[in-house]
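# Examining the three-dimensional arrangement
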Amino acid sequence: MSIHERASDGRQLLLYGVLVALIGFYLLPIEIGLMTSLKMNPLSTAPFLPPGLDGFTLEKWRQAFSQLANGLFNSLVLAIPATILSALLGSTAAYGLTTLNWRGQMPILVLFIAGIFIPYQAVLIPLSKFWAVYLPLDELLQTVWGLPMLEPYHGDLLALIISHVAYGIPITTLLFRTYYRNFSVEMIEAARLDGATPIRIYWRIILPLSVPMFAVTLIYQFTQVWNDLLFALVVVGPGEGAPVTVPLSQLGASLSEIGFGVRMAGAFIAALPTIVVYIMFGEQFAKGVAT
Amino acid sequence: MTDGGSAVSTDEPTLLSNVSDEFLGSLLFWLPPFLLMGFFVYGAIGWNFVISLTETSGFGGVDYSQLDIEQYTRAFGDPTFINATTNTFVLLITFTAVCLAIGLLLAIMMDRKLRFDNGFRTIYLLPMSLSFVVTAQFWLWMYNYDNGLINIIISSLGFSKYQWISNPDLVLSAVIFALVWQFSGYAMVVYLAGLRAIPQEQYEAARTDGANTLRLYQRVIIPQLKGATISASVVLMVFALKAFDFLYSLTGSYIPPKGSDILATMMVRQAFRINNQAYAAAIGIMLFALALAIITPYLTYQHRRGEL
Amino acid sequence: MSTLKLDHVTKAFDDGSEDIIAVDDLSMTIDDGEFLVLVGPSGCGKSTTLRMLAGLETITAGEIHLGDRVINDVKPKDRDVAMVFQSYALYPHMTVRENMNFGLEESTTLSDEEIRPLVTETAEMLGIDELLDRTPDELSGGQQQRVALGRAIVRDPEVFLMDEPLSNLDAKLRSDMRTELQQLQGELGTTTVYVTHDQTEAMTMGDRIAILNDGVLQQVATPLEAYHRPANRFVAGFIGDPSMNFFEMTVQDDRLVTEQFTYPLTRKLRDAVDDVSQVTFGVRPESIELTQATAAIDHESVEFIAEVSDEHSFETIVDVVEPMGNENTIHLSFSGADDATFVATIDGERELTPGQTVVAHIPESEIHLFDGETGLAVHNRLRDESEATESTM
């Protein structure tokens, strides 16, 4: 808290008034979406009002879910391993470049961090060529896809997982580096004198102490991967293997008002995991973006 | 036993072997992620650059025999490219500036001993956790001509309705407004962290010196938020460069609403719809150059402040 | 044998364009079982020296021997040294027992069953056996300090290295721990190198102290030796609180002269400064005898006249009186010269007031003389007749 003095009661009230009005601003588009998704006819009442008693329906949610279910499943298969892997690799990279000190690590570190800011358009063509022409996993691993529960399109998903891990490493490395910089140097030296090798130090000291940062990184990275559309379009494309953002962007592509009910329901279904994560771990998410 | 003289001669190998010990020990940890990341980021950019020098159109093989900068000269004569570039800059600058201004105001309001300040923050930041694809759906409905909330408000005030998405003169502003809605909470969080790092004593000292609230912020507080402003602008600009997802989702196709084409959408369209791969690669490289122009000063600044 | 020997050890840090010499050609031997205190102002190279002993810094030139092996290239974990850090550097996510286990688990092949009694025994010795299941954040500073010590002791290393281990404790606890640490080291008989900037710790704890300045070793000696027979002006000024008073003086005939006063030398002392023209004149505050110079007509005024007539007594004015309880620290200046002030300590019961004129007697037997250019001692105070000859080296 930076200001001790409290404003006078009148000004305090005005302040709360403005802040509450802003809640309206930030929540209204979401609230309207929710209300619209629950109406038989989106036009029956003003957009922000709840449906009338006889106009309430979950039919739009059911329709949207049936269209997105496959995408939702693909997104889970994609986001969970991609998130865990990129967080782990970010943690080891940050450890090797921060806690272990050696000359000349700065240029390497700059390459890592600059990777955060690369516009993906600069890598899209090579990325799609690489997976489509040079390493088509769906063809190369045909024996694997013959196994029960697996389909060739899982090859595309695997390619997408690897891509997300690769492009997620820069930000996860930065997040962990910021955290590891505040670790006591003396503590690491004590562990070295106690006879621990770099691997043992990572395993027994760094990793257990990283739990709070893993929470931040996993949440942030999960949101990023789940929300992505561009890589999903280019690496997987529409079809059986597509993550949920792809079918959602096509849902009810006609602009008719009736279609909006399904659209809104779809938007909520696709956003649900990130909203749940956000509500449960808002604090960690705020920490992640503030770094 | 060695004498004092030979002790000096062991200096060099000692230094080297110890340095490389640390180095070798660290390799295991950073090299695998570095190779993976380096291959997909820097390897891909390099490859993309080479493709941009060819004449490749669609999928399949690339003919690397003749390399020239024709795709780049072509871009500067292409009205679509000029238009997309203009839109990109308008989006980049307006979006960033408005987000920063709103974020700063919000942060100053929040930086008082408020109850529920975490609650407010959670709500203001909520849109940022949503996918562009999701928010695009919400705003399509908000901007709907007949029944969208924006037009309902406008007509209830006695004005005539607007075609927010299909009018090429309005669509870019509408998009910027939606993006500001999504990301101004982020600017607020960054500024709030900056404000809370300023020691209480400075407010009290300025008060004692007789500064009023406006002067206090103008002369004491805001100058100290330079670091926060720089970090937030860089991140916001990067988000703006990624606005492809939002624009794609407005139409569900590679062709965004007329008037809102930016370099990011144009590149993807040229690459995967029109099959002008070499041209698209050149646009990608130019976007990369633009990003580089933004982040190089930023990283230098951070490095000088020892914050890398 | 855990004798530590530093042989022309130098450490240079590469600071981009130029090398910064942190430790310059340092040689000394620390005997088996000895408690050696490395002391000096901040930035003098004492911590760097300790870190070279630990293997946390590379050695630019020279050799470090532990027993009969050269340990320059031996990794920290293979040196068999244990270090106690200023911040204690405990592992925050481990209990006290786990903290103490860690070193044994990582550096030995002992089984858990063998480690357990060792840790318990050490904890009992330090009185922290009640705390074994707590984590560091549940401990007070003093308790954390004991755990840090215990973590070092349980490994039974050849050498203890301690980097200002007491400086984060409050004053009372610090003086208790000084005594306890000293006793503990005596019982264990482990060679110990202890770094501090606090000269009280240096004086009270060490078998010997090594004083460093600007990376250069100034003197290695027992505390009393360093106090009474400092090798040079730096040591004289650094050891002792309040510090020794210094005056830059010129040798003229058989007197030392400065603007404020003139100090005649007897034959023997005059010989000691034969080769130098500029000397630094030093005298410890407690060696200055102050006599009240009251103008009142009583028996003291007679004494007053007698004192001033002594050629080693000077009329001075009291500037500031700092009562310390057991003694008073008096800041004085020579009459008519405000710029040359010096300090004397007197019994706490004697009262002096600022502005008062007093006579300061500086006995010739108590003075130190240093070469004005090199700072090396040319004469140290006489403690007894037998020392008189050596002290002028």
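Residues numbered from 1 in each chain as written. Chains lettered and ligands numbered in written order. Predicted model: local features only at pLDDT ≥ 70, side-chain atom pairs only at ≥ 80, totals over all residues. Heavy atoms only, no water.

### Comments concerning the overall build of chain B
Spelled out, the test is: Helix numbering and strand numbering both begin at the N terminus, where a helix is a DSSP run of H or I of at least 4 residues and a strand a DSSP run of E of at least 2. A simple rule labels every residue: compare its accessible area, found with a 1.4 Å probe on the protein chains alone, to the largest value its type can have, and call it buried under 20%, exposed over 50%, or partly exposed in between. Contacts are assigned to residue pairs with any non-hydrogen atoms lying within 4.5 Å of each other.
Each helix and strand in chain B was counted, giving 14 helices and 0 strands. Going from the N terminus to the C terminus, chain B shows its helices and strands as α-α-α-α-α-α-α-α-α-α-α-α-α-α. The principal-axis extents of the C-alpha atoms in chain B amount to approximately 100 × 75 × 30 Å. Taken across its 308 residues, chain B has 54% of its residues classed as buried. Residue pairs in contact within chain B that sit at least 24 positions apart in sequence constitute 64% of those at least 6 positions apart.

### Section: the sheet that holds strand β4 (residues 61-66) of chain C
Residues and elements named next belong to chain C. Here is the rule we go by: Should DSSP find at least two bridges between two strands, the strands are regarded as paired. Each axis is a line fitted through C-alpha atoms, taken for helices only over the stretch in contact, and angles between the N-to-C directions span 0 to 180 degrees.
Pairing in this open sheet of 4 strands is antiparallel, and the strands run β2-β1-β4-β5 from one edge to the other. Both outer strands of the open sheet, β2 (18-30) and β5 (69-70), are each paired with one neighbouring strand and no more. Of the strand pairs in this sheet, strand β1 (residues 4-15) and β2 are connected by 9 bridges, and their pairing is antiparallel. Of the residues in β2, the one forming a bridge with Lys-11 is Val-23. Packing of helix α1 (residues 46-54) onto the sheet brings it into contact with β1, β2 and β4, and relative to β1 it is tilted by some 110°.

### Quick notes on helix α7 (residues 153-180) of chain A
In an α-helix, one turn spans 3.6 residues; hence positions three or four apart end up facing the same way. All names here are of chain A. Spelled out, the test is: Expected helix span is given by 1.5 Å per residue-to-residue step, counting one fewer step than there are residues. To get the bend at a residue, fit one axis to the 7 residues ending there and another to the 7 starting there, then take the angle between the axes.
Here α7 spans 39 Å end to end across 28 residues, near enough to the 40 Å set by a 1.5 Å rise per residue. The largest bend along α7 measures about 40° and falls at Ile-169, with the proline Pro-170 one to four residues further on. Counting buried residues along α7, 23 of its 28 residues qualify, which places the element largely inside the surrounding structure.

### So, the interface of chain A and chain B
Formally: Here, a salt bridge means any Lys or Arg side-chain nitrogen found within 4 Å of an Asp or Glu carboxyl oxygen. For the purposes of these results, a polar contact is taken to be a pair of N or O atoms within 3.5 Å, where, inside protein, one atom must be able to donate a hydrogen and its partner to accept one; residues adjacent in sequence count only when each atom of the pair is a side-chain atom. Polar here means any residue outside two lists: the nonpolar Ala, Val, Leu, Ile, Met, Phe, Trp, Tyr, Cys and Pro, and the charged Asp, Glu, Lys and Arg; Gly therefore counts as polar.
Residue-level contacts link 105 residues of chain A with 105 residues of chain B. Counting across the interface, chain A meets chain B through 0 salt bridges. There are 20 residue pairs in polar contact (both at pLDDT 80 or more) connecting chain A and chain B. In terms of residue count, the dominant contributor to the side of chain A that touches chain B is helix α1 (residues 9-37) of chain A (17 residues). Its residues placed into classes, the side of chain A that touches chain B shows 76 nonpolar, 18 polar and 11 charged.

### Comments concerning the confidence of the model for chain C
All names here are of chain C. Where we set the bar: pLDDT is defined as a per-residue confidence score from the predictor, taking values between 0 and 100.
Considering every residue of chain C, the mean pLDDT works out to 87; 92% of them sit at 70 or more. Within the model, pLDDT remains below 50 along residues 295-307, and this stretch shows 12 contacts once partners closer than five positions in the same chain are excluded. Between residues 385-393, whose pLDDT stays under 50, and residues either more than four places distant or in other chains, the model counts 9 contacts.

### Points about empty space enclosed by the protein
Let me state the cut-off plainly: Grid spacing is 1 Å over the protein atoms alone, the probe is 1.4 Å, and a cavity is where that probe fits but cannot get out, while a pocket is an open set with protein on both sides within 12 Å along at least five of seven lines and lining residues have an atom within 4 Å of a point. Grid points are joined across faces, edges and corners, and a volume is the space filled by probe spheres set on the points.
Scanning all chains against the criterion turns up 4 cavities of 30 Å³ or more. Its volume calculated, the largest cavity comes out at about 50 Å³. Ala190(A), Leu193(A), Asp194(A), Ala82(C), Met83(C), Ala148(C), Arg151(C), Ala152(C) and Arg155(C) are the residues that line the largest cavity. No other element matches helix α4 (residues 141-153) of chain C, which puts 3 residues into the lining of the largest cavity. Of the residues that constitute the lining of the largest cavity, the class distribution is 6 nonpolar, no polar and 3 charged. Here the second largest cavity defines a volume of roughly 50 Å³. If you go around the second largest cavity, the residues you meet are Leu149(C), Ile153(C), Phe160(C), Met162(C), Leu181(C), Leu184(C), Gln185(C) and Leu188(C).

### Section: the packing of aromatic side chains
Cut-off, in case you're wondering: Stacked, tilted and edge-to-face are the three classes assigned to paired rings of Phe, Tyr and Trp, where Trp is represented by its six-membered ring and a pair needs centres within 6.5 Å; plane angles under 30 degrees give stacked, over 60 edge-to-face, the rest tilted. A ring is scored as having a charge over it whenever the NZ atom of a lysine or the CZ atom of an arginine sits within 6 Å of its centre and within 35 degrees of its normal.
Scanning the entire structure with this criterion turns up 59 aromatic pairs over all chains. Judged by centre distance (6.1 Å) and plane angle (25°), the rings of Trp61(A) and Phe268(A) are stacked. Of this pair, Trp61(A) sits in helix α2 (residues 59-99) while Phe268(A) sits in helix α13 (residues 260-280), and the two are 207 residues apart along the sequence. Of the two residues, Trp61(A) and Phe268(A), neither departs from the other in class, the shared state being buried. Chaining the aromatic ring pairs together yields one cluster made of Tyr16(A), Phe25(A), Tyr26(A), Phe120(B), Tyr124(B), Trp139(B), Tyr143(B), Tyr162(B), Trp164(B), Phe177(B) and Trp181(B). The ring of Tyr91(C) carries Arg151(C) above its face, with NZ or CZ at 4.7 Å from the centroid. One cation-aromatic arrangement involves Arg233(C) over Phe246(C); the distance from NZ or CZ to the ring centre is 4.2 Å.

### Re the side chain of Ser37(A)
Residue and element names in this part refer to chain A. By the element assignment, Ser-37 lies in helix α1. Looking at Ser-37, the relative accessible area reads 0%, which means it is buried. A polar contact of 2.8 Å, which involves the side chain of Ser-37, links it to the side chain of Trp-61. Ignoring anything within four residues of it in the chain, the contact list for Ser-37 reads Thr-57, Lys-60, Trp-61, Gly-261, Met-264 and Ala-265.

### Structural notes on the pattern of salt bridges
Inspection of the entire model under this criterion finds 19 salt bridges over all chains. Across the pair Glu248(C) and Arg233(C) runs a salt bridge whose closest N-O atoms are separated by 2.6 Å. Of this pair, Glu248(C) sits in strand β11 (residues 245-252) while Arg233(C) sits in helix α8 (residues 233-238), and the two are 15 residues apart along the sequence. The class of Glu248(C) is partly exposed, set by a relative accessible area of 45%. The exposure class of Arg233(C) is partly exposed, given its relative accessible area of 31%. With its nearest N and O atoms 3.4 Å apart, the salt bridge here joins Arg270(C) to Asp274(C). The network of salt bridges with common partners includes Glu189(A), Lys11(C), Arg51(C) and Glu57(C).

### So, the packing of helix α11 (residues 226-241) of chain B against helix α14 (residues 277-304) of chain B
All names here are of chain B. What counts, and what does not: Put simply, angles under 35 degrees are roughly parallel, angles over 145 are roughly antiparallel, angles from 65 to 115 are roughly perpendicular, and the rest are oblique. Left-handed describes a crossing in which the near helix is turned anticlockwise from the far one by less than a right angle; the clockwise case is right-handed.
It is at 11 Å that the axes of α11 and α14 come closest, and there the two elements cross at 165°. Here α14 runs roughly antiparallel to α11, going by the angle between their axes. In terms of crossing hand, the pair formed by α11 and α14 is left-handed. Of the residues in α14, those touching α11 at Lys-226, Gly-227, Ile-230, Ser-231, Val-234, Met-237 and Leu-241 are Leu-287, Leu-290, Ala-291, Ile-294, Ile-295, Tyr-298 and Tyr-301. Of the residues that constitute the contact of α11 with α14, the class distribution is 11 nonpolar, 2 polar and 1 charged.

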